[in-house]
Amino acid sequence: MRHSFYCLFTILLLPFASILCQSGNTYIGAEACIMCHKSEKQGSQLSIWKNSAHAKAFETLKTDTANQIAKEKGFKEPAAETWECLKCHVTGYNLDATLLGEKFKIEDGVQCETCHGAGSAYKDMKVMKDKNLAIEKGLIVHEKLEEFCVSCHNNESPTFVEMDIKEAWDKIKHNIPEEKK
């Protein structure tokens, strides 16, 4: 029983670990990120994200199906207002407004900073061109992708479907292409 409690606590805490590690950084929003991450040369991250379920994660909470699931789980609020749903379907919900930049919108769902951390300190091109400096300034590059993904993609979700994280990653990976020599 005690082991189960610690596992559940860890799973619930993981989505917020990046927030806790980044004192001082604020969330700038996907709109700020896409300025530099939309070209083919950069890896077309914008189109990969926009065509993913992550970009539509908040919208799914506004459906009748999501509201029915929330009701069946005993929640009185609609899914789009329920913390237990929002914690994995949006970035920035329930954060102090001082941590959210002017262009930040929770309606963007699971966006860049969900996985890569609040971007205010690493957003500048000068910083981003130096990966180590960007990481020092708060950019998160996941070494153990599966551990991060299962912080939301787990059986706590009422719509969870077992999935192969590596296979799912292949559908949304968005690396910057290496320059041809």
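Residues numbered from 1 in each chain as written. Predicted model: local features only at pLDDT ≥ 70, side-chain atom pairs only at ≥ 80, totals over all residues. Heavy atoms only, no water.

## So, the overall build of the chain
The following threshold applies: Counting from the N terminus, the helices are the DSSP runs of H or I reaching at least four residues and the strands are the DSSP runs of E reaching at least two. Burial classes: relative accessible area under 20% of the type maximum marks a residue as buried, over 50% as exposed, and values in between as partly exposed (1.4 Å probe, protein chains only). Contacts between residues were defined by any pair of non-hydrogen atoms, one from each residue, lying within 4.5 Å.
Scanning the chain from N- to C-terminus turns up 11 helices and zero strands. When the helices and strands of the chain are read in sequence order from the N terminus, they spell out α-α-α-α-α-α-α-α-α-α-α. Looking at the chain as a whole, 29% of its 181 residues qualify as buried. In the chain, the proportion of contacts linking residues at least 24 apart, taken out of those at least 6 apart, comes to 58%.

## What to know about the state of the cysteines
Rules: Two cysteine sulfur atoms make up a disulfide if the distance between them is within 2.5 Å.
Applying the stated criterion to the full structure yields one disulfide. A sulfur-sulfur distance of 2.4 Å marks the disulfide that ties Cys88 to Cys152. Where Cys88 bonds to Cys152 through sulfur, the torsion about that S-S bond is close to -90°, and the disulfide is left-handed. Linking Cys88 in helix 6 (residues 83-89) with Cys152 in the loop between helix 10 (145-149) and helix 11 (165-172), this pair joins segments that are 64 residues apart in sequence. Cysteine Cys36 remains unbridged, with the sulfur of Cys33 as its closest cysteine sulfur at 8.9 Å. In this model Cys115 remains outside any disulfide bridge; the closest cysteine sulfur is found in Cys149, 6.7 Å from its own. Its relative accessible area of 25% is what places Cys115 among the partly exposed residues.

## Description of a negative patch on the surface
Selection criterion: Like charges within 9 Å and nonpolar side chains (Val, Leu, Ile, Met, Phe, Trp, Tyr) within 5 Å are joined into patches, using only residues over 30% in relative accessible area that form no salt bridge. Only the protein chains shown count as covering a residue, and every accessible area follows the Shrake-Rupley method with a 1.4 Å probe. The working definition used for a salt bridge is a side-chain nitrogen of Lys or Arg within 4 Å of a carboxyl oxygen of Asp or Glu. Under the counting rule used here, the positive set is Lys and Arg, the negative set is Asp and Glu, and His together with the chain ends is not counted. By convention, the charge on Lys lies at NZ, on Arg at CZ, on Asp at CG and on Glu at CD.
Taken together, the side chains of Glu146, Glu147, Asp164 and Glu167 make up a negatively charged region of the molecular surface. Of note, Glu167 is situated in helix 11.

## Re the pattern of salt bridges
It is possible for side chains bearing opposite charge to pair when their charged atoms get close. Scanning the entire structure with this criterion turns up four salt bridges. Its salt-bridge partner being Lys62, residue Glu59 comes within 3.3 Å of it at the nearest N-O pair. Here Lys62 falls in the partly exposed class, since its relative accessible area comes to 46%. Across the salt bridge formed by Glu156 and Lys87, the nearest N and O atoms sit 2.6 Å from each other. Residue Glu156 is found in the loop between helix 10 and helix 11, and its partner Lys87 is found in helix 6; the two are separated by 69 residues along the sequence. Owing to a relative accessible area of 34%, Glu156 belongs among the partly exposed residues under this scheme.

## Remarks on the environment of Lys105
Mapped onto the fold, Lys105 is located in the loop between helix 6 and helix 7 (112-116). Each C-alpha atom, one on Lys105 and one on Ala30, is 8.1 Å from the other, the two residues being 75 residues apart in sequence.

## Observations regarding the confidence of the model for the chain
Caution applies to low-pLDDT regions: their predicted coordinates should not be interpreted in detail. For clarity, the threshold we go by: Confidence scores here are pLDDT values: one per residue, from the predictor, ranging 0 to 100.
Looking at the chain as a whole, its pLDDT mean stands at 85, while 86% of the residues score no less than 70. In the predicted structure, residues 5-22 sits below a pLDDT of 50 and forms 22 contacts with residues beyond four places in sequence or in another chain.

## Concerning the nonpolar core
Quick reminder of the rule: For the purposes of this section, nonpolar cores are sets of buried Ala, Val, Leu, Ile, Met, Phe, Trp, Tyr and Cys residues that join through side-chain atoms within 4.5 Å.
By size, the foremost hydrophobic cluster in this structure holds nine residues: Phe58, Leu61, Ala66, Ala70, Ala79, Ala80, Cys85, Leu86 and Val90. Elements supplying a minimum of two residues to this core: helix 5 (64-72) and helix 6. Sequence-distant contacts of Ala80, defined by excluding residues within four places in its chain, comprise Phe58, Leu61, Lys62, Asn67 and Leu86.

## Brief notes about the side chain of Thr91
In this structure, Thr91 sits in the loop between helix 6 and helix 7. Ignoring anything within four residues of it in the chain, the contact list for Thr91 reads Tyr27, Phe104, Ile106, Gly109, Val110, Gln111, Glu113 and Thr114.

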